[in-house]
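Spelled out, the chains give:
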Amino acid sequence: MNTQTSANAQPAHAHSSPGLWIMAWRRLRSDRLAMAALAVVALFLVTLLLSALGLVAKHWDAEVGVNYAPPTFMGAQSAEERGVEGMHAAEAPVPDNPRDPLGPVLKQLRAERDAAAAAGTGGGDAPLDYYGIVDPLAKEIAELRSTLGKDKAAAPVRRATLPFGADKWGHDIILKTIKGSETSITVGLAAALLATVLGTLFGALAGYYGKWTDDFFNWFYSVFTSIPYLLLILAVAAVLQQKGVLTIVLILGLTGWTGVFRLVRAEYIKHKNREYVMAADAIGASDMRKMFVHIFPNISHISFVQMSILTVAFIKSEVILSFLGFGVPVGVASWGSMLNEAQNELILGKWWQLTAASVAMAVLVTAFSLFTDALRDALDPKLK
Amino acid sequence: MSCRLFFRLCRALSLCLTLLCLCVWPLQQAQAADPEKILHAVFVAPENGFDPAISRDLYSAQVVQSIFETLYTYDYLARPAKLAPQTAEALPEITDGGKTYTIHLKKGIYFYPDPAFGGKRRELTMADYVYSFKRLLDPKLASPHSWLFEGKVVGFDELAAQAKKTGHFDYNAPVAGFELLDRYTLRVHLKHPDFNLGMILAHEPTSAVAHEVVEKYRDVAGQVMGHPVGTGAYYLAEWVRGSRIVLDANPGYRGFTWNFQAGSDPEDQAIVAAMKGKRMPQIGRVDIRVMVEDQSRWLSFIDKQVDLVELQGPLAPKALINGKLRPELAAQGIQLSRIIDPEISYNYWNMQDPVVGGLTKEKIALRRAIALAYNPQEEIAIVWNGEAVPLEYPIPPGIVGYDPDYRSSVHYNPRLANALLDQFGYKKGADGYRTLPDGKPLTITYSARADSNGRQQSEIWKKVYNSLGIRMKDNMMPFPDLLKAEKQCELMSRNSPWIADYPDADNFMQLFYGPNTHQNNNGCSQIPEYDALYAASQKLPDSPERNLLYHKMARVLEVYAPIRVGYARYRNMLAQPNVIGYKKHPILHCEWLYFDMKKEKK
Amino acid sequence: MAAYILRRLWQMLPTLLGVVVLVFLLFNWVGGDPAYILAGKMSNPAQIANIRKQLGIDESYWVQLWIFVKQIVTMDFGASWSTGETISHVLSTRLGPSLTVLVPLTILETLISIGLALGVAYVRGSLTDRMVMIACTVGMSISILVYIIVFQYVLAYKFGWFPVQGWGDSFSENLFHYALLPILIGLTVSIAPSLRLFRTFFLDEISQDYVRTARAKGLSEPRILWVHVLRNAAIPVVTYVMSNLPALLIGAFLIERFFSIPGIGREIILAVERSDFPVIKAITVYVAAATMLFNLLADLLYKAIDPRVQLK
């Protein structure tokens, strides 16, 4: 993305800071912290790519461990300690009904059934029709039962510990975190891209055209910023209904464009009367061309920095959306869904999922933010 | 401003006067409740308000039951729940084959003094009950509990229909079915035989409210959510909405002597030994806080800020091990009262849906295959932390009509399920997913509430469908939307819970009755065989004949598979060592009228 | 001045109208149907129809919109559909607890952030500056949900330094007992971003000409920072704090839920869960109006701090 934008920026005009991006890159190169941060972000992006291509964590939802399998260094726990005993244990006792309401009719029916079972002529879990209920599938089921026989498939072996532990389903936490990072980062990036595109577009239109266009977008902007963000999110979520990763991108993107709009609009107002725009005007460039071919490359760094800031914000917002029940769909892992699942796990002493998701998120977000800071400083050196 | 101050002063003054009057009157019984015995309790969700006819959540119902009184209640210790008189003298005399009920009211029961009564002592009469019943059918109030009387009492529905036309409910108009023999005697005439009316009259929406109170405090919609005045053991002393509710013992309450019989349970016998002969109520103040988050509730209980707490599924392993209290908690004297809730959870498939519905053989095979591939034990273990019991049929333990010997013919058997689908032509495509027999794509949408339980249940069902090679789409919706779609038969499949309103099997079996579609037959099933059996069961009181019908109905549900019966959850109540004689009742919402505690050391 | 305020208030009208229409569309048109919740679990179609009639949601959208506008003009939003409590009572009782947490939080956050930001601006470019900034970035990278869960468990329960949760009747008990941990969590999540932001405000000012002039005049660096820079940077600081305040009212819902604080944020989540439109609509409109008023107030404060600012 970086190089692409700079390639576009170059031929557009010779006026202001032609090598903006190249110079910024040189400044960044000399900042060791920024490069370290960039390396971390790159590492996450590579993992994301591998995971998206199915090369890593493809089978994250395989139930490889026992439920709540602890990290290996802690050693295995008994089912009781894990607190999930009973799944395959005998049925929990059912309290007696002191009044046995059944008359002799049913007693006799039961006796007949038991006798039949003992004699091997029926009973057991064969469908009963003692009640006079006709089963339309009786024949098929009886045939299938006899061909399938009694033997049952062996239950797969599950590991008692995993390097980073397992969640309540027995999913490997490390794979789940990798898969989760794929979802969370993709959502963050896509939503930030959407919000930035919207904000830039609106800002460009408002700033460039001015007059009633500006009034309209300003009005739109103030309406959006006046409504509490949380309510806006809930309302948009209610409108979109359909669940999916795309919904989250839309919720965040449609509500998050306002900051970009404000900055981009101000820049367009500044730039539209500059000489180079006048010059473009003189050679008969259309409004669209002036807006996006001539002016945009000069302000693109603002959009880019904003997008980077929004990415971080949206990755964090996904957690809150999950808490509110508007998270990723079932069968998809994300850091938000992991943290919400882990909400009660800390108190149960199962800290590994909470830790894994928090640490992964903290590392990425920190690196991304540090890189964003450095990038902004590099692009806008007057701040230094 | 000063006007309001003056009004407040007047109110305070009149309250003082009333209280003074009350002191002058000879107290019938020495007040047993000790103001130093303060029970700290917790609500899991915020309450709505305390109008018996309107309150629709469990937590408001607990407060309603503390302040108001119904004609009947349930015995504190007897299991399954046993009806007992509350303000009535005795159990109803049922004549005319279940069509006529005669009920006598105890004399000398008085409402909690309120300015609405103009400083006079106000005795409870049968007319108050009739007035309260009428409120349930007032169209203006739109009570969620109108079903308790709809279509039952002679002349009652006609009055309601008239009110709908004129827009005004005439509370003075007589109802032929509510015959007042004198101040204290009511004879109810029913349209059809009904053996559950006694239990209906123990359900807290039928509590007695005084018309003076309603007339004085009602809002535009006619509700009195914020000013409950009843005859019960407690009154609302302080209320910070959604945060804190303080109930104080009603000094004018008639009281009673604790005298319940223990069954064979040693726990019961200990309770009887500790409580027998005490004047009730003993607890002088119930201080309830609302705490929404699991972690907050648990930490406050362990911190001893709370005396009584409901331990919900997610945190159960913290206090329980194999269904028993953890030894370290037991050593501290913490007590556990554990019951199976009178509820069921079942998965339904919409019988009107073109993909999963219908009574053709291939559709039946599809539903039965899914039912066979579902393992309730797994859902119980993972979603509910083991805090539920699988059910054999749609009637949970502890309910009248429950038969512990009934065995379902549906057992977890994924191999059979897959074979069944193969047999009926649901072939697997290249992508590993099955298609319909006609080759069209097969996708089943599973809907759930957009919360953490809903999400986990969806994951369980995703596993079930994956094991069959059927594509499942999850659909998590906010509760209001879910409810609307469900009542309009628009959902394809969902796991639906149902908790008893009254402890009779009828309350569960009606869930699958064809004519109840759009009401609470959520799967919209219309199976003629089932409907005929249900209609026959309605005409019978609890009896072996009725139970036989229930067995047949359960079998019909297994054979046609409009539903897959799941489980009933445990309710675990934890009490601090200072609580004496506590036992969770399956139907009664609040037990603080029946137990005691040690005084606070402060 | 008065003319300016009047004009600004007049300009708010179209925005408010936009908010009203948007809120109305989002909730009445596409939002859930409360009748199904209010009807209880044994509902039937006739009863649903009756409830819709009683609530007035069977009317045409135009009529409903008109009623909504009338409610706003008369400031009477009626009563909550689920509890029957009047909206004015809902707002007046829930505002107190919210403010008990938010006002001290905002004051502390602003003071601490300004202090720290001035400090790091003073040593700008040094290792300390970088370390503080990195620490802030790390602190900001953790979700508030994790902070709440861990702090409640560790600080309140394990160490017993704070009450686990709760809310009392007296103001002082709430402020000095129950609100402490919520405020601490609020500070943990909000100081880092404020500090970063304020630092850039200060750095912006430091590169201005007047600072160079002041230095040339021989003023001490602390004096330049504390008097000149702070005075000028106060403008963006004030705008930031003021414009954030109304949104905080709702944004604190997670804290309010975990610590059982009966505030506005918790109420709105509850209202959304219950499809309680009167509560949702009233809170939205009031918060929107408050946001606009606070923006105006911020502009007026500009003027007070810096007389050079021309109000247009």
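Residues numbered from 1 in each chain as written. Chains lettered and ligands numbered in written order. Predicted model: local features only at pLDDT ≥ 70, side-chain atom pairs only at ≥ 80, totals over all residues. Heavy atoms only, no water.

A. Highlighting the overall build of chain C. Within chain C one finds 14 helices and zero strands. Its helices and strands taken in sequence order, chain C reads α-α-α-α-α-α-α-α-α-α-α-α-α-α from the N to the C terminus. Dimensions along the principal axes, computed over C-alpha positions, put chain C at roughly 85 × 60 × 35 Å. For chain C, the proportion of its 312 residues judged to be buried stands at 53%. Relative to all contacts within chain C whose residues are 6 or more apart in sequence, the contacts with residues 24 or more apart total 73%. Only carbon and sulfur atoms are counted for the fraction: they give 69% of the accessible area of chain C, which is about 13,600 Å². (Helix = DSSP H or I, 4+ residues; strand = E, 2+ residues; numbered from the N terminus. Buried < 20%, exposed > 50% of the residue type's maximum accessible area, 1.4 Å probe, protein only. Contact = heavy atoms within 4.5 Å. Areas by Shrake-Rupley, 256 points an atom, 1.4 Å probe, with all protein chains shown as cover.)

B. How the structure looks around the nonpolar core. If you look at the biggest cluster of nonpolar residues, it comprises 188 residues, and the most contacted ones within it are Phe-149 and Trp-592 of chain B. Beyond its immediate chain neighbours, meaning those up to four positions away, Trp-592 of chain B contacts Leu-39, Ala-41, Gln-62, Ser-66, Tyr-234, Leu-247, Ile-283, Val-286 and Ile-288 of chain B. Counting residues in each nonpolar core, the second largest holds 170 residues, with Val-277 of chain A, Ala-316 of chain B together with Leu-155 and Phe-277 of chain C among its members. (Core = buried A, V, L, I, M, F, W, Y, C linked by side-chain atoms within 4.5 Å.)

C. Seen up close, the pattern of salt bridges. One pass over the structure, following the stated rule, counts 56 salt bridges over all chains. With its nearest N and O atoms 2.7 Å apart, the salt bridge here joins Glu-63 of chain A to Lys-463 of chain B. Of this pair, Glu-63 of chain A sits in the loop between α3 (32-52) and α4 (79-82) while Lys-463 of chain B sits in helix α14 (residues 452-468), on two different chains. Overall, the relative accessible area of 22% leaves Glu-63 of chain A in the partly exposed class. Salt-bridge contacts for Glu-85 of chain C lead to Arg-241 of chain B; the nearest nitrogen and oxygen are separated by 3.2 Å. Taken together, the residues Glu-85 of chain C in the loop between α4 (61-74) and α5 (87-122) and Arg-241 of chain B in the loop between β8 (234-240) and β9 (244-249) connect one chain to another. The same class applies to Glu-85 of chain C and to Arg-241 of chain B, which are both buried. In the salt-bridge network here, residues are joined through shared partners; they are Glu-238, Arg-244, Asp-287 and Arg-289 of chain B together with Asp-169 of chain C. (Salt bridge = Lys/Arg side-chain N within 4 Å of Asp/Glu carboxyl O.)

D. Expanded view of helix α2 (residues 20-29) of chain A. Residues and elements named next belong to chain A. Regarding α2, the residues found buried are Leu-20, Trp-21, Ala-24 and Leu-28. Along α2, the residues classed as buried sweep out an arc of 90° about the axis, all on the same side. Looking at α2, the residues exposed on the side facing more than 90 degrees away from the buried face are Arg-26 and Arg-29. (Arc of directions from axis to C-beta.)

E. Region of the structure containing the interface of chain A and chain C. With 37 residues of chain A in contact, the opposing surface of chain C contributes 40 residues. Interface of chain A and chain C: buried area, both sides summed, is about 3,400 Å²; carbon and sulfur atoms make up 78% of it. Taken together, the connections running from chain A to chain C amount to two salt bridges. Asp-373 of chain A is the salt-bridge partner of Arg-196 of chain C, the closest N and O atoms lying 2.6 Å from each other. Every element with two or more residues in the side of chain A that touches chain C is listed here: α8 (211-226), α9 (229-240), α13 (287-323), α14 (335-341) and α15 (352-379) of chain A. Looking at the side of chain A that touches chain C, the element that brings in the most residues is α15 of chain A, giving 10 residues. For the side of chain A that touches chain C, the class distribution of residues is 24 nonpolar, eight polar and five charged. (Buried area = accessible area lost by both parts, 1.4 Å probe. Nonpolar A, V, L, I, M, F, W, Y, C, P; charged D, E, K, R; others polar.)

F. Summary view of the packing of α5 of chain C against helix α9 (residues 180-206) of chain C. All names here are of chain C. With their axes 7 Å apart at the nearest point, α5 and α9 run at an angle of 40° to one another. Judged on the interaxial angle alone, α9 and α5 are oblique. Our pair here, α5 against α9, has a crossing hand that is right-handed. (Axes fitted to C-alpha atoms, helices over the stretch in contact; angles between N-to-C directions. Parallel < 35°, antiparallel > 145°, perpendicular 65-115°, else oblique. Left-handed = near helix turned anticlockwise from the far one by under 90°.)

G. Seen up close, the domain arrangement of chain B. All names here are of chain B. You can read the domains of chain B as domain 1 (3-257) and domain 2 (343-569). When each unit is reduced to the centre of its C-alpha atoms, the spacing between domain 1 and domain 2 is 38 Å. With 10 residues of domain 1 in contact, the opposing surface of domain 2 contributes 12 residues. Here domain 1 meets domain 2 over a buried area of about 850 Å², counting both sides, of which 70% is carbon and sulfur. Counting the surface domain 1 buries against domain 2, the share from its top three residues, Phe-195, Asn-196 and Met-199, is 47%. Between the two partners, domain 1 and domain 2, sit zero salt bridges. On inspection of domain 1 and its partner domain 2, the count reaches zero residue pairs in polar contact (both at pLDDT 80 or more). Residues that form the side of domain 1 that touches domain 2 fall into these classes: eight nonpolar, two polar and no charged. (Domains from an automatic or database assignment. Polar contact = N/O pair within 3.5 Å; in protein donor to acceptor, adjacent residues only side chain to side chain.)

H. Fine view of the side chain of Ser-300 of chain B. With respect to the element layout, Ser-300 of chain B can be found in helix α8 (residues 294-302). Ignoring sequence-local partners within four residues, the contact set of Ser-300 of chain B consists of Met-291, Gln-305 and Val-306 of chain B together with Val-164 and Gln-165 of chain C.

I. View of the state of the cysteines. Residues and elements named next belong to chain B. In this structure the tally under the stated criterion is one disulfide over all chains. One disulfide bridge connects Cys-489 with Cys-524, the sulfur atoms lying 2.0 Å from each other. Every disulfide takes its handedness from the sign of the S-S torsion; for Cys-489 and Cys-524 that torsion is -105°, giving left-handed. Here Cys-489, found in the loop between α15 (479-487) and β21 (493-499), pairs with Cys-524, found in the loop between α16 (506-509) and α17 (528-538); they are 35 residues apart in sequence, far enough to count as distant. Residue classification places Cys-489 among the buried positions, given a relative accessible area of 11%. For Cys-524, a relative accessible area of 1% translates into the label buried. (Disulfide = S-S within 2.5 Å.)

J. Here's a closer look at the packing of aromatic side chains. Enumeration over the complete set of coordinates arrives at 57 aromatic pairs over all chains. Members of the aromatic cluster, each reached through a chain of ring pairs, are Phe-202, Phe-216, Phe-217, Trp-219, Phe-220, Tyr-221, Phe-224, Trp-257 and Phe-261 of chain A. We note Arg-121 of chain B situated over the ring of Tyr-110 of chain B; from NZ or CZ to the ring centre the distance is 3.7 Å. Taking the ring centre of Phe-479 of chain B as reference, the NZ or CZ of Arg-449 of chain B above it sits at 4.0 Å. (Phe/Tyr/Trp six-rings, centres within 6.5 Å; stacked < 30°, edge-to-face > 60°. Lys NZ or Arg CZ within 6 Å of the ring centre and 35° of its normal.)

K. Broad picture of helix α4 (residues 156-166) of chain B. Residue and element names in this part refer to chain B. Phe-156, Leu-159, Ala-160 and Ala-163 are the residues of α4 that are buried. Each buried residue of α4 lies within a common arc of 95° when the element is viewed along its axis, so the set occupies one face. Contacts made by the buried residues of α4 are with α3 (126-137) and β6 (178-182). Within two residues after α4, Gly-167 carries a phi angle of roughly 80°, on the positive side.

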